[in-house]
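Working through the structure, step by step
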Amino acid sequence: MTTTTTYIAFLRAINVGGRTVRMERLRALFAELGLGNVRSYIQSGNVFFSTDGPDRAAERAALTRRIEEHLERALGYPVPVMLRTVEEVAGLLAAEPFRGVEVTPDVRLVVAFLSEPLPAELARPHRSAKGDVEVLGADPGAAYVVVRLQNGKWVTKDLFGKGYRGSVTSRFLHTTEKILAAARKA
């Protein structure tokens, strides 16, 4: 019996800062790597695909590097990739990391997908100096962030300080829920 793993690739630097990639092209780039059932959700770099075999750390790391290298060669700039299984994303949402947070028109709930765990010295909860960003908690693959808009804007862009050396790509909670629902569709 063959095991199939469905991944969600959360991509950073897609369709921001003047770097435009059509989703058809992005799906084709993933398909060129031999990945199965390649699909995407909205224009912000969310790609779902299947691989034969179970998810293992070494294979996931190698697959991540392969995708990043292929995208950089094809697009001409680095595209950090955070790979998560559908089950991992379902688990982080089921844990309700934002339980008890009052949502107002000026509050955004953000899941920050991480390439590396946050530094142990970053206390959690952690609030930015301006008080607009609060990291409620984290696990090795994601941080759970509350953003309080100031004058309608997200002011603090450096979520974790200079000590964090990994890559981060963020999705609003409601978008993460929609991404999961789309990835679960056959």
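Let me sum up the structure you'll find in this document. (Residues numbered from 1 in each chain as written. Predicted model: local features only at pLDDT ≥ 70, side-chain atom pairs only at ≥ 80, totals over all residues. Heavy atoms only, no water.)

The next point concerns the sheet that holds strand β7 (residues 133–139). Strand pairing in a sheet relies on backbone hydrogen bonds, with the paired strands running either antiparallel or parallel. Read across the sheet, five strands follow the order β6-β7-β8-β5-β9 without closing on themselves; strand pairing throughout is antiparallel. Edge positions in the sheet fall to β6 (126–127) and β9 (168–172), since each of these pairs with one other strand and no more. Bridge analysis of strand β5 (residues 107–114) against β9 gives five bridges, and the strand direction is antiparallel. Bridge pairing links Val 111 to Arg 171 in β9. Helix α4 (residues 173–184) contacts β5 and β9 of the sheet and is inclined by roughly 90 degrees relative to β9. (Pairing = 2+ DSSP bridges. Helix = DSSP H or I, 4+ residues; strand = E, 2+ residues; numbered from the N terminus. Contact = heavy atoms within 4.5 Å. Axes fitted to C-alpha atoms, helices over the stretch in contact; angles between N-to-C directions.)

Between helix α1 (residues 23–32) and helix α2 (residues 57–75), whose axes approach to 10 Å, the crossing angle comes to 130 degrees. With respect to α2, the axis of α1 lies oblique. For α1 against α2, the interelement crossing comes out right-handed. Of the residues in α2, those touching α1 at Arg 25, Leu 26, Leu 29, Phe 30 and Glu 32 are Ile 67, His 70, Leu 71, Ala 74 and Leu 75. (Parallel < 35°, antiparallel > 145°, perpendicular 65-115°, else oblique. Left-handed = near helix turned anticlockwise from the far one by under 90°.)

Two numbers describe a pair of packed helices, the interaxial angle and the distance between the axes. The geometry of helix α3 (residues 86–94) relative to α4 is characterised by a closest axis approach of 10 Å and an angle of 145 degrees between their N-to-C directions. The two elements α3 and α4 meet at a crossing, and its hand is left-handed. Packed against α3, whose contacting residues are Val 86, Val 89, Ala 90 and Leu 93, the element α4 presents Leu 173, Thr 176, Glu 177, Leu 180, Ala 183 and Arg 184 at the interface. Of the residues assigned to the contact of α3 with α4, the class counts are seven nonpolar, one polar and two charged. (Nonpolar A, V, L, I, M, F, W, Y, C, P; charged D, E, K, R; others polar.)

Our focus in this paragraph is the environment of Thr 51. Along the polypeptide, Thr 51 turns up in strand β3 (residues 46–52). You can call Thr 51 buried: its relative accessible area is 16%. Residues Thr 51 and Val 146, 95 residues apart in the sequence, show an inter-C-alpha distance of 34 Å. Once residues lying within four places of it in the same chain are set aside, the contact partners of Thr 51 are Thr 3, Thr 4, Thr 5, Tyr 7, Leu 35 and Leu 63. (Buried < 20%, exposed > 50% of the residue type's maximum accessible area, 1.4 Å probe, protein only.)

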